[in-house]
Amino acid sequence: MALLPILHYPDPRLHTVAQPVAQVDDTIRTMVQRMLATMYDAKGIGLAATQVDFHQRLVVIDVSEERDQPLVLINPEVEWASDIKRKGEEGCLSVPGIYDGVERSLAVKVRALDEHGQSRLIEAEGLLAVCIQHEMDHLNGKVFVQYLSQLKRDRIKAKLLKAERDARRH
Ligand code: QAP
Ligand code: CO
């Protein structure tokens, strides 16, 4: 399965708000397969379509140790989020090598379509709940570094732009 290039922060395309998937058809299912392959190859636990420059509301996740429990969320909507929040360490395939604390709801209930177009209610807590919130942010054009201070964000931007420059000079 062909891998997809992942956009890196501060690419402005990461701030695009994704459109709803109109129909779960073979085009979407192919995109799901390519996104899963890309996520597993990059050793990620979650990937939103926005990160591969496809601006429809589609997310893939696998938080299992064995990397054999793919979760596909199409047009996800939060039905409920716990008022109790906790700060946890996050990273992002679009922000390589950077990890910092972000506050998220401890648990969420999310309604989404699966790859067959079936509506499902996902009740998540722990790492899965954090991952779902992180990936749904991407669909709204939000990257986790936007929760950090301006100073940290500026440092991260500079570091990633330099890394990109150095990679290109090779
Ligand atoms: C989002 O992130 C997430 O910097 C998914 O060098 C992260 O898969 C949700 C990754 C943490 C909850 C907790 C990051 C891989 C993967 C890197 C990822 C890297 C290699 C990030
Ligand atoms: Co991310």
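Look a little higher up for the structure.
Participant: Describe helix 1 (residues 26–41), with residues and values.
Facilitator: With 16 residues, helix 1 extends 22 Å between its outermost C-alpha atoms, agreeing within 8% with the 22 Å of an ideal straight helix rising 1.5 Å per residue. When helix 1 is considered as a whole, its buried residues turn out to be I28, M31, V32, M35, L36, T38 and M39. All buried residues of helix 1 fall inside an arc of 165 degrees around its axis, so they share one side. Counted as exposed and oriented over 90 degrees from the buried face of helix 1: D26 and D41. Tucked into the core, helix 1 has its buried residues touching strand 1 (46–48), strand 2 (58–61) and strand 3 (71–81).

Participant: So what's going on with the coordination of the cobalt ion (ligand 2)? Residues and values would help.
Facilitator: In a perfect tetrahedron of four donors around a metal, the angles come out at 109.5 degrees. In a perfect octahedron of six, they are 90 or 180 degrees. C92 (SG), H134 (NE2) and H138 (NE2) make up the full set of protein donors to the cobalt ion (ligand 2), lying at 2.1 to 2.2 Å. Counting along the primary sequence, the residues that act as donors to the cobalt ion (ligand 2) give the motif C-x41-H-x3-H. A residue pair is termed long-range when its members are at least 10 positions apart, and C92 in the loop between strand 4 (85–90) and strand 5 (100–105) and H134 in helix 2 (residues 126–139) qualify at 42 residues. Exposure remark for H134: the relative accessible area of 7% places this residue in the buried category.

Participant: Quick rundown of the packing of aromatic side chains? Include the residues and the values.
Facilitator: Inspection of every chain in the model, using the stated rule, returns zero aromatic pairs. Here the guanidinium or amino end of K109 rests over the ring plane of W80, the centre of that ring lying 5.5 Å away. A cation over an aromatic ring shows up here: K142 above the ring of Y147, its NZ or CZ 4.2 Å from the ring centre.

Participant: How would you sum up the site of ligand 1? Please name residues and give values.
Facilitator: Around ligand 1 there are 18 residues in total, and G44, I45, G91, G97 and Y99 lie nearest to it. In this structure, an oxygen atom belonging to ligand 1 sits 2.8 Å away from a main-chain N or O atom of I45. The separation between an oxygen atom of ligand 1 and a polar main-chain atom of G97 is 2.8 Å. When ligand 1 sits alone it has 500 Å² of accessible area, and the protein chains cover 81% of it. Of all the elements in the fold, those that place two or more residues in the shell around ligand 1 are strand 4 and helix 2. For the shell around ligand 1, the element with the most residues is helix 2, which contributes five residues. In terms of residue class, the shell around ligand 1 is built from 10 nonpolar, five polar and three charged.

Participant: Tell me about the sheet that holds strand 6 (residues 107–113), and please be specific about residues and values.
Facilitator: One open sheet accounts for five strands, arranged 1-2-3-6-7; its pairing is antiparallel. What marks the edges here is a single partner per strand, and that holds for strand 1 and strand 7 (119–125). For this sheet the average axis-to-axis angle between neighbouring strands, irrespective of direction, equals 40 degrees. By the bridge criterion, seven bridges tie strand 6 to strand 7 in an arrangement that is antiparallel.

Participant: Report on a nonpolar patch on the surface, specifying residues and quantitative values.
Facilitator: Residues I45, V63 and L127 make up a contiguous nonpolar surface patch of roughly 210 Å² in combined accessible area. Along the polypeptide, I45 turns up in the loop between helix 1 and strand 1. Taking relative accessible area as the criterion, I45 reaches 33% and is therefore assigned partly exposed.

Participant: Would you mind going over helix 2 in detail, with residue names and values included?
Facilitator: Here helix 2 spans 21 Å end to end across 14 residues, near enough to the 20 Å set by a 1.5 Å rise per residue. Of all 14 residues in helix 2, 11 are buried, a share of seventy percent or more. Of all the residues in helix 2, the buried ones are L128, A129, C131, I132, Q133, H134, E135, M136, D137, H138 and L139. Two residues or fewer after helix 2 comes G141, characterised by a positive phi angle close to 80 degrees.

Criteria and cut-off values
- Residues numbered from 1 in each chain as written.
- Chains lettered and ligands numbered in written order.
- Predicted model: local features only at pLDDT ≥ 70, side-chain atom pairs only at ≥ 80, totals over all residues.
- Heavy atoms only, no water.
- Helix = DSSP H or I, 4+ residues; strand = E, 2+ residues; numbered from the N terminus.
- Expected span 1.5 Å × (residues − 1).
- Buried < 20%, exposed > 50% of the residue type's maximum accessible area, 1.4 Å probe, protein only.
- Arc of directions from axis to C-beta.
- Contact = heavy atoms within 4.5 Å.
- Donors = N, O, S within 2.8 Å, 3.2 Å for Na, K, Ca; no water.
- Phe/Tyr/Trp six-rings, centres within 6.5 Å; stacked < 30°, edge-to-face > 60°.
- Lys NZ or Arg CZ within 6 Å of the ring centre and 35° of its normal.
- Near = heavy atom within 4 Å.
- Polar contact = N/O pair within 3.5 Å; in protein donor to acceptor, adjacent residues only side chain to side chain.
- Areas by Shrake-Rupley, 256 points an atom, 1.4 Å probe, with all protein chains shown as cover.
- Nonpolar A, V, L, I, M, F, W, Y, C, P; charged D, E, K, R; others polar.
- Pairing = 2+ DSSP bridges.
- Axes fitted to C-alpha atoms, helices over the stretch in contact; angles between N-to-C directions.
- Patch = residues over 30% accessible without salt bridge, like charges linked within 9 Å, V, L, I, M, F, W, Y side chains within 5 Å.
- Salt bridge = Lys/Arg side-chain N within 4 Å of Asp/Glu carboxyl O.

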